[in-house]
Amino acid sequence: MTETVRLTTAQALVRFLAAQYSERDGREQRLVPGVWGIFGHGNVAGIGQALLQAATTGEADLPYYLARNEQGMVHASVAYAKMRDRLATFACTASTGPGSTNMITGAALATTNRLPVLLLPSDMFATRAADPVLQQLEDTRGGDVTVNDTFRAVSKYFDRVQRPEQLIPAALAAMRVLTDPVETGAVTLALPQDVQAEAYDWPVSFFRRRVWHVGRPVPEPAAIERAARLLRGARRPLIVAGGGAVYSGAETALRAFAEATGIPVADTHAGKGAVPWDHPRSVGGIGSTGSYAANELAREADLVLGIGTRYSDFTTASHTVFADPDLTFVNLNVARLDAVKHSAEPLVADARLGIQALAGALADWEVDQEYRDRTRQLISRTREIENSCFTVGHSPLPAQTEILGALNQVLGDRDVVINAAGSMPGDLQQLWRARDPKAYHVEYAYSCMGYEVAAGVGAKMADPTREVVVLVGDGSYLMMAQEIVTMISEGLKVIVVLVQNHGFASIGALSESLGSQRFGTKYRYRDGGSGLLDGEVLPVDLAANASSLGADVLHATSVEEFRSAMEKAKAATRTTVVHVETDLYGPNPPGHGWWDVPVSQTSALESTRSAYETYAARKQAQHHYL
């Protein structure tokens, strides 16, 4: 007879999650080390009671962490998973209605970045005994539709647990997807509030310790042979290293491969640091905001070896940076979706094993000396460009690039810099000097404003031994700074570099280049004469706001003051915000790539008509890779 234990659905889920582990290369770790949440009527008596019971009785080790915004707790979980190479993540519980739908942006970010997170949105009564209840959507198309159905579009797996016993297959399926490097992303289990509290006799075996083995798919020998043949025939090959190179732990293998073959390595945002910035084969970021060296080599390349990259439009500069009409792609990726992009010769495998197999197949081959010399010359010119950006001497306010230069100097190799949106990701991709694959934490698949501060919480929890520096502009800060309170409550020491320029620097510059005259991109009073938001600067004191949330605050008005403030922040033991103002209008790093943002084909504005002429000309270089 099967041994059972009587628990509510929520109690069973808590006990189940506490027993899940992941394993890769012989190393086991907790798959779900805790639960983030904000309680409301939809989960306080279900998941909330179960977590309390677990904590007070010791029946399950699943700590609860209180967030200040539901989107923020998803961001924190995603950042944790990113730091842990997708081998661990958190669960997030929210109440019905707005509490749950607040998580949707975080879910989209997780799935777009292919990072695991378990979402537990509360749902309406399965019994429908009291329809319509508070916060319930009444849909004339069907009685089973709730606001949580919006999670379907942004989740890699979605299920609604309408009866207690449905949790068993749903929970097992959730773990399968969370630990699959190809399928991973947001996993959503919608939990009706009455089902959370409903009791059931659960088989005890459901709660046994489970280890989910994350394998390394081995490359097919024939695929290695085909890829090696193409590489041997290339004269100007280029490697593009993406996030897969980092998540698979392929850094050492990639460096050795680049050294042995002489192939230069460019990186995406997710791949930066896989090869240290000062390695002789490292040529920096590639694409729309890429470095001079990487983009010049991309334009000349006759073969591109993509390793763990999904080839976003920023990586390809909207299909313009790879210019050779006879260009060949070889894509090494664990996901076939990415391996076959751009009519590539696919090599579907784990990045580390794939690189090692290619190295063996190319043991007696390397690029010629002329190509090595060309790479060295381009790197030298790139360093000159970077240094000029760091030392521009702009006044009266410093340029943002000068602040990044100072930050580069004061941070150590293992210190983590976090960013996501605005003008800083572009500056960082071209200028940041990462020597460690976890030191550069820029979320640029979804590029979500508001990610940064919350991500600082998750990154610090994932590796407390590292200094974590949140680099955030005033636009992102205003969207979501609440998790500074969480840093304080959890005793986490994080440095927040708050760069204030009173507007949207990135979109402002983009608007100007597209003929839209920076319309609506500055934080200003509405002007009584023009009726536009171009009056005096708003008297917003973000430093005072950060102080009110519990952080220590340091002010800097120059590059030297900023450098000094950062040294104090590093020596501090509490979360510290370093506030510095920069010039909204730059100067920015020189552009070496293009980004396709359509311009109005007809307009009454001369600025827009002129911008369209430029756009149409740049569009001519865009093509499919066939």
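Before reading on, note that the structure itself is shown above.
Not measured: the values here are computed from a predicted model.

## Details of the packing of helix H16 (residues 400-410) against helix H23 (residues 559-571)
Item 1. Closest axis-to-axis distance for the H16/H23 pair is 10 Å, and the angle between their directions is 35°. When you trace H16 past H23, the crossing you get is right-handed. Only Val 559, Phe 562, Arg 563, Met 566, Glu 567 and Lys 570 of H23 make contact with H16, whose side of the interface consists of Glu 402, Ile 403, Ala 406, Leu 407, Gln 409 and Val 410.
Item 2. Here the residues of the contact of H16 with H23 are counted per class, giving seven nonpolar, one polar and four charged.

## Looking at the nonpolar core
Item 1. Ranked by size, the top nonpolar core spans 56 residues in total, and within it Trp 36, Leu 119 and Tyr 451 carry the most contacts.
Item 2. If you look at the next biggest cluster of nonpolar residues, it comprises 54 residues, including Phe 257, Ala 258, Leu 297 and Ala 344.

## Remarks on helix H11 (residues 292-300)
Item 1. Listed as buried for H11 are Ala 293, Ala 294, Asn 295, Leu 297 and Ala 298.
Item 2. On its buried side, H11 packs onto strand S12 (237-241), strand S13 (265-267), strand S14 (282-285) and helix H15 (369-390).

## Side note on unusual backbone geometry
Item 1. For the bond running from Asp 131 to Pro 132, omega is -15°, close enough to zero to count as cis.
Item 2. In this structure, Pro 132 sits in the loop between strand S7 (117-123) and strand S8 (157-160).
Item 3. For the peptide bond that leads from Gly 586 to Pro 587, omega is 5°, which places it in the cis range.
Item 4. Along the chain, Pro 587 falls in the loop between strand S23 (576-581) and helix H24 (606-619).
Item 5. Despite not being glycine, His 342 has its phi angle at roughly 60°, a positive value.
Item 6. With respect to the element layout, His 342 can be found in the loop between helix H13 (336-339) and strand S17 (345-348).
Item 7. The class for His 342 is buried, based on a relative accessible area of 15%.
Item 8. Phi angles above zero are rare outside glycine, and Ser 343 is one such case at about 55°.

## Describing the packing of H11 against H15
Item 1. At their nearest, the axes of H11 and H15 sit 8 Å apart, and the two run at 145° to each other. Here Tyr 292, Ala 293, Glu 296, Leu 297 and Glu 300 of H11 lie close against H15, whose contacting residues are Tyr 371, Arg 374, Thr 375, Leu 378, Ile 379, Arg 381, Thr 382 and Ile 385.
Item 2. Here the residues of the contact of H11 with H15 are counted per class, giving seven nonpolar, two polar and four charged.

## Regarding the packing of aromatic side chains
Item 1. Throughout the structure, instances matching the rule amount to 18 aromatic pairs.
Item 2. For the ring pair Trp 36 and Phe 90, a centre distance of 6.2 Å and an interplane angle of 55° mean the geometry is tilted. Residue Trp 36 is found in strand S4 (residues 35-37), and its partner Phe 90 is found in the loop between helix H3 (70-83) and strand S6 (91-94); the two are separated by 54 residues along the sequence. For the pair shown, Trp 36 and Phe 90 are each scored as buried.

## A short note on the sheet that holds strand S3 (residues 27-30)
Item 1. Here we have three strands laid out as an open sheet, ordered S3-S2-S11, and mixed in their pairing. Lying at the two open borders of the sheet, with one neighbouring strand each, are S3 and strand S11 (210-213). In this sheet, neighbouring strand axes are inclined to one another by 30° on average, regardless of whether the strands run parallel or antiparallel.
Item 2. Examined bridge by bridge, strand S2 (residues 20-24) and S3 share four bridges and lie antiparallel to one another. In the sheet register, Glu 23 faces S3, and the bridge partner there is Glu 28.

## Describing the sheet that holds strand S9 (residues 186-192)
Item 1. Taken together, the six strands give an open sheet; going across it, the order is S5-S4-S6-S7-S9-S8, and neighbouring strands pair in parallel fashion. Strands at the two margins of the open sheet, each flanked by one partner only, are strand S5 (64-66) and S8. Each neighbouring strand pair of the sheet contributes to a mean axis angle of 20°, computed without reference to strand direction.
Item 2. Summarising the sheet, S6 and S7 pair through four bridges and their orientation is parallel. The residue bridging Ala 94 from the neighbouring strand is Pro 121, located in S7.
Item 3. Lying on the sheet, H3 is in contact with S4, S6 and S7; it crosses S6 at an angle near 175°.

## With respect to helix H5 (residues 104-113)
Item 1. Most of H5 is tucked away: eight of the ten residues are buried.
Item 2. Every buried residue belonging to H5 is among Ile 104, Gly 106, Ala 107, Ala 108, Leu 109, Ala 110, Thr 111 and Asn 113, and all of these are buried.
Item 3. Looking at the packing, one finds that the buried side of H5 touches H3, helix H4 (98-101), S7, S9 and helix H18 (451-462).

Cut-offs used in this document
Residues numbered from 1 in each chain as written. Predicted model: local features only at pLDDT ≥ 70, side-chain atom pairs only at ≥ 80, totals over all residues. Heavy atoms only, no water. Axes fitted to C-alpha atoms, helices over the stretch in contact; angles between N-to-C directions. Helix = DSSP H or I, 4+ residues; strand = E, 2+ residues; numbered from the N terminus. Left-handed = near helix turned anticlockwise from the far one by under 90°. Contact = heavy atoms within 4.5 Å. Nonpolar A, V, L, I, M, F, W, Y, C, P; charged D, E, K, R; others polar. Core = buried A, V, L, I, M, F, W, Y, C linked by side-chain atoms within 4.5 Å. Buried < 20%, exposed > 50% of the residue type's maximum accessible area, 1.4 Å probe, protein only. Phe/Tyr/Trp six-rings, centres within 6.5 Å; stacked < 30°, edge-to-face > 60°. Pairing = 2+ DSSP bridges.

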